[in-house]
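Listed below are the residues making up each chain.
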Amino acid sequence: MHAKMIPMNEEKTAVLLIRENPIKSPDPYKIKELRGLADAAGYRVLAEVFQRRSRDFRFQMGRVKIEQALSYNPEKLIFYNALSPNQVFNIRSEFSAQVLDRFNLILEIFSTRASTREAKLQVELAKLSYDAPQVKSALALKKRGEQPGFRGAGAYEQSMYHDIRGRMSKIKAELADVENMGEDRRQRRREQGFDLVALAGYTNAGKSTLLNSLTGSEVEAKDQPFTTLSPTTRALEVLGRKVLLTDTVGFIDDLPHFLIKAFRSTLSEISEADLVLLVADISDPPELLRRKLAASHKALYDCEVKAPIVTVLNKADRLEEGKAEELVELIRDLAPYPVLASAITRQGLGVLEECIAQRLQPLQEYKISLPYTAEGLRELSRLYETTELLSVSYEEELIVRLRGKEETVARAGLSGARRL
Amino acid sequence: MMVCAVVSARISPNFIEKIHSVRLIPHVARALDLNVVANFISRACTCLPGTIVAESGDLYNLEIWRVKSILGRDFKYPETIAERTAIEMAHHTSVAGRRLIIDAREDDTNE
């Protein structure tokens, strides 16, 4: 028996393959993005192979191009284009090569970075959602031409698809609990007088760095895609308003719908926020910047975001003087309330804070009465902390005039407060 | 039997600011191809100013410059949240409109 020993620190190698549609103009950013993703997943890229042709139904690209890629002896072939179950089966059986497509590469990065229970479950659900039809198709291919009975597929293989569906149901139920907990947490935070602001945007736009700059925290931030997977929340005071700023997972172009569904509990931090800060990297070339903003808009639409949006054009310090206004004009239709900022040099953060305070729903004035009971007095003490108390008069009952959030006042109703 | 719904609206990047008009145009064709779709869209958008926004699938994923030259109008695929919302609205309108027309025809036949 011969076994190959693989040292733990051995470098992973890959060849990138891109097939471009002949009727469309070539896209230089695709390979850049794929290379960035491969780097983030820890692969050393040996070569890049391009082909301009219509889709090959057996292998996605031409046979010769795949042989050319395999001549570099890579551990894996990474395709930019999505591979169908049949294509994966054909390439594996014909060339004995390990293949990944862009979506699987993203999932590989996610699974190495997932640290919380929620993130791990979401990655597993996304993987299973992708695998389920692949397994079904692979089983159909295996069973093609077989005889019923003795030469049929084994019970284990037959039940694999059903096992996957069962596991998916369990994960979905667990994630639904996490989502409910998140909803309760958001409600509690609103009752405590906080406004919820979410940071959203294309991956590697600088969301975590912006969170660190605004709140003075030290969340992990790196110049690579998908550094953040689980939401991270930090408190901040913006011109007298108490704000909770949440950093979320970045978006990427052409994400399959089921991946967005798998990350629903994380993305609900964006869809349920009071304000969304859409972060974009303004140092990108204009065409790429527009495309990334459009991809972010699509993801926000898929998340059913109804909150107002402020666009933070981050990394403005990398631009030449006078170029920023020109760029802002180019993306005006995609960038609501654009603010030029730099999370590293802290340029424009003051303007951003003003913009946040302006775009948040203004606090309403309320007049309520509280009973002279221990509970009423406890509620008054809570209102001192969570709202801006304008006046308190001690009459037959406590008459309180305050400025605050609807949820905070509704919470006071539980302690016997009445609105006047 | 096809129905094309047109929503003429003024939009900001993430909201529909004002809906000027909603138009429903029915059309009967034996087969569907790019010419039929392009003529149908052109007819439905007659006298409506502004850029036409439509789903890429409706126009066979053609590149924007080709669609512009076929329609002879400014054209784009949806990018912003507001554009997608407007298209969703047009989609619901066309489905409901088609159903109403078909129901009305069935009622007429039964009578």
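Refer to the structure presented above.
Everything in this summary refers to the structure shown in the same document. (Residues numbered from 1 in each chain as written. Chains lettered and ligands numbered in written order. Predicted model: local features only at pLDDT ≥ 70, side-chain atom pairs only at ≥ 80, totals over all residues. Heavy atoms only, no water.)

### Section: the overall build of chain B
Counting secondary structure elements, chain B contains 3 helices and 4 strands. With the principal axes as the frame, chain B shows a C-alpha extent of 50 × 30 × 25 Å. Looking at chain B as a whole, 37% of its 111 residues are labelled buried. By sequence separation, contacts in chain B at least 24 residues apart represent 49% of the contacts at least 6 residues apart. (Helix = DSSP H or I, 4+ residues; strand = E, 2+ residues; numbered from the N terminus. Buried < 20%, exposed > 50% of the residue type's maximum accessible area, 1.4 Å probe, protein only. Contact = heavy atoms within 4.5 Å.)

### Describing the packing of helix α7 (residues 207-215) of chain A against helix α12 (residues 349-359) of chain A
Residue and element names in this part refer to chain A. Two elements in contact, α7 and α12, have axes whose closest approach is 11 Å; the angle formed by their N-to-C orientations is 90°. Relative to α12, the element α7 lies roughly perpendicular. Of α12, the residues touching α7 (which contributes L210, S213 and L214) are L349, L352 and E353. Of the residues assigned to the contact of α7 with α12, the class counts are 4 nonpolar, 1 polar and 1 charged. (Axes fitted to C-alpha atoms, helices over the stretch in contact; angles between N-to-C directions. Parallel < 35°, antiparallel > 145°, perpendicular 65-115°, else oblique. Nonpolar A, V, L, I, M, F, W, Y, C, P; charged D, E, K, R; others polar.)

### Side note on a nonpolar patch on the surface
Residues Y372, L377 and Y394 of chain A make up a contiguous nonpolar surface patch of about 340 Å² in total accessible area. Position of L377 of chain A among the secondary structure elements: in helix α13 (residues 374-386). (Patch = residues over 30% accessible without salt bridge, like charges linked within 9 Å, V, L, I, M, F, W, Y side chains within 5 Å. Areas by Shrake-Rupley, 256 points an atom, 1.4 Å probe, with all protein chains shown as cover. Salt bridge = Lys/Arg side-chain N within 4 Å of Asp/Glu carboxyl O.)

### What to know about a negative patch on the surface
The grouping of D103, E106, D107, D108 and E111 of chain B at the surface amounts to a negative patch. D107 of chain B sits in the partly exposed class, given a relative accessible area of 44%. (Lys, Arg positive; Asp, Glu negative; His and termini not counted. Charge placed at Lys NZ, Arg CZ, Asp CG, Glu CD.)

### Here we look at the sheet that holds strand β4 (residues 99-101) of chain A
Adjacent strands of a sheet form backbone hydrogen bonds with each other and so pair up, either parallel or antiparallel. Residue and element names in this part refer to chain A. The parallel open sheet is built from 4 strands, whose spatial order is β2-β1-β3-β4. Unpaired on one side and paired on the other, β2 (43-52) and β4 mark the two borders of the sheet. The mean inter-strand angle of the sheet, taken between neighbouring strand axes irrespective of direction, is 25°. Sheet analysis places strand β1 (residues 12-20) next to β2, joined by 9 bridges and oriented parallel. (Pairing = 2+ DSSP bridges.)

### Regarding the interface of chain B and chain A
Chain B puts 12 residues into the contact, and the matching count from chain A is 18 residues. Between chain B and chain A, the buried area comes to about 1200 Å², and carbon and sulfur atoms account for 56% of it. On the chain B side of the interface with chain A, the three residues burying the most area are E79, I81 and R84 of chain B, jointly 41% of the side's total. We note a salt bridge from E79 of chain B to R290 of chain A, for which the minimum N-O separation is 2.9 Å. Looking at the side of chain B that touches chain A residue by residue, the classes come out as 3 nonpolar, 4 polar and 5 charged. (Buried area = accessible area lost by both parts, 1.4 Å probe.)

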